[in-house]
Amino acid sequence: AKRLIGKTLMDVLDPEIVSSIRKIRNNRVRGSFGDILERHYFEIHPDNRSGLPDFDKAGVELKSTPLLRRCSRLVAKERMVLSMIDYMGLPKESWERSSFLLKNKRLLTVFYMHEDGKAVIEYRIMVVGLWDFPPDDLEIIKSDWQKIQTMVREGRAHEISEGDTIYLGACTKGRNAKSNWRQQPFSIRKAKGLAFALKPSYVNSMIDRMIGRGDAE
């Protein structure tokens, strides 16, 4: 992963793969930076890894997030989406053995510079490193997770808002279509499909700390 720092996907992938990706992009077939990074650089096929970290033997989940430049600082363009919230399974879990913690306890984070007008394979990768949540941060994330769990247990999944929590939010995942509304336990009302996500303010603190310890170009 460290070999990515300062490079683009176009620099590190096989030219034939780059050529095929360009054709896909021109045909407007769906493909994101994260998809290309997983499938063609790390040779991970995410469709086959439901519930497990991407590097399951190491217990490491791969996450890529775009950056913007604000004056002299690099900041997250958006929240870091982690994993979908399972309304049916969440009420039965304990924090220590939760599916969230199993998948996201340790992250391999790849931050790349978003630039309008460029193809995703032309985005420059700026910060790469492993992220273990500091104990104080993890306590706050645990509290946030428990708040979301409590609302699901109370049949109020349809009321969950990102404003309810501090570091770990619940964000809309997918389009606002009928297919994105799900059954929830303890209520006859359906709720939007939501995902656990680290809020931009927390992701910014990750970026600053990772740059400070030398995980950047």
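Quick note: structure is the one above.
Residues numbered from 1 in each chain as written. Predicted model: local features only at pLDDT ≥ 70, side-chain atom pairs only at ≥ 80, totals over all residues. Heavy atoms only, no water.

1. A few points about the overall build of the protein
For step 1, the next point in the chain: Looking only at helices and strands, the protein features six helices and nine strands.
For step 2, the next point in the chain: For 217 residues, the compact-globule estimate of 2.2 N^0.38 gives 17 Å, and the C-alpha radius of gyration of the protein, at 18 Å, lies within 12% of that figure.
For step 3, the next point in the chain: Taking the principal axes of the C-alpha coordinates as reference, the protein spans close to 50 × 40 × 35 Å.
For step 4, the next point in the chain: Looking at the 217 residues of the protein, the share that counts as buried comes to 44%.
For step 5, the next point in the chain: Counting only contacts in the protein whose residues sit at least 6 apart along the sequence, the fraction spanning at least 24 positions is 70%.
For step 6, the next point in the chain: Of the roughly 12,000 Å² that the protein leaves accessible, carbon and sulfur atoms contribute 48%.
For step 7, the next point in the chain: On the protein, the mean spot of the 38 positive side-chain charges and the mean spot of the 29 negative ones are 4 Å from each other. (Helix = DSSP H or I, 4+ residues; strand = E, 2+ residues; numbered from the N terminus. Rg over C-alpha atoms; globule rule 2.2 N^0.38 Å. Buried < 20%, exposed > 50% of the residue type's maximum accessible area, 1.4 Å probe, protein only. Contact = heavy atoms within 4.5 Å. Areas by Shrake-Rupley, 256 points an atom, 1.4 Å probe, with all protein chains shown as cover. Lys, Arg positive; Asp, Glu negative; His and termini not counted. Charge placed at Lys NZ, Arg CZ, Asp CG, Glu CD.)

2. Topic: the sheet that holds strand β9 (residues 194–198)
For step 1, the next point in the chain: Taken together, three strands build an open sheet; the order of strands is β3-β9-β6 and the sheet is antiparallel. The sheet is open, and its two edges are formed by β3 (80–84) and β6 (168–172), each paired on a single side. When strand polarity is set aside, the average angle formed by the axes of neighbouring strands in this sheet is 40 degrees.
For step 2, the next point in the chain: Bridge count between β6 and β9: five bridges; the pairing is antiparallel. Bridge assignment links Leu 168 to a residue of β9, and that residue is Leu 198.
For step 3, the next point in the chain: Its contacts with the sheet put helix α5 (residues 135–153) on β6 and β9, and the angle it makes with β6 is roughly 45 degrees.
For step 4, the next point in the chain: Helix α6 (residues 200–212) rests against β3 and β9 of the sheet, and its axis sits at about 40 degrees to β9. (Pairing = 2+ DSSP bridges. Axes fitted to C-alpha atoms, helices over the stretch in contact; angles between N-to-C directions.)

3. Quick notes on the sheet that holds strand β1 (residues 61–70)
For step 1, the next point in the chain: Strand order in the open sheet made by the four strands is β2-β1-β4-β5, with mixed pairing throughout. Because the sheet does not close on itself, it has two edges, and the strands there are β2 (73–76) and β5 (125–132). Strand after strand, the sheet turns through a mean of 35 degrees between neighbouring axes, direction not considered.
For step 2, the next point in the chain: Two strands pair when backbone bridges link them, and β1 and β2 are joined in this way by four bridges, in the antiparallel orientation. When the bridges of β2 are listed, Leu 67 appears paired with Ala 76.
For step 3, the next point in the chain: Strands in contact with helix α3 (residues 33–41) are β1, β4 (106–113) and β5; relative to β1, the strand with the most contacts, it is inclined by about 140 degrees.

4. Side note on the side chain of Glu 61
For step 1, the next point in the chain: Relative to the helices and strands, Glu 61 resides in strand β1.
For step 2, the next point in the chain: Excluding anything up to four places from it in sequence, Glu 61 contacts Leu 52, Pro 53, Asp 54, Lys 103, Asn 104, Arg 106, Leu 107 and Leu 108.

5. Thoughts on the environment of Gln 146
For step 1, the next point in the chain: Here Gln 146 shows up in helix α5.
For step 2, the next point in the chain: Distance in space between the C-alpha atoms of Gln 146 and Asp 136 is 16 Å, their sequence separation being 10 residues.

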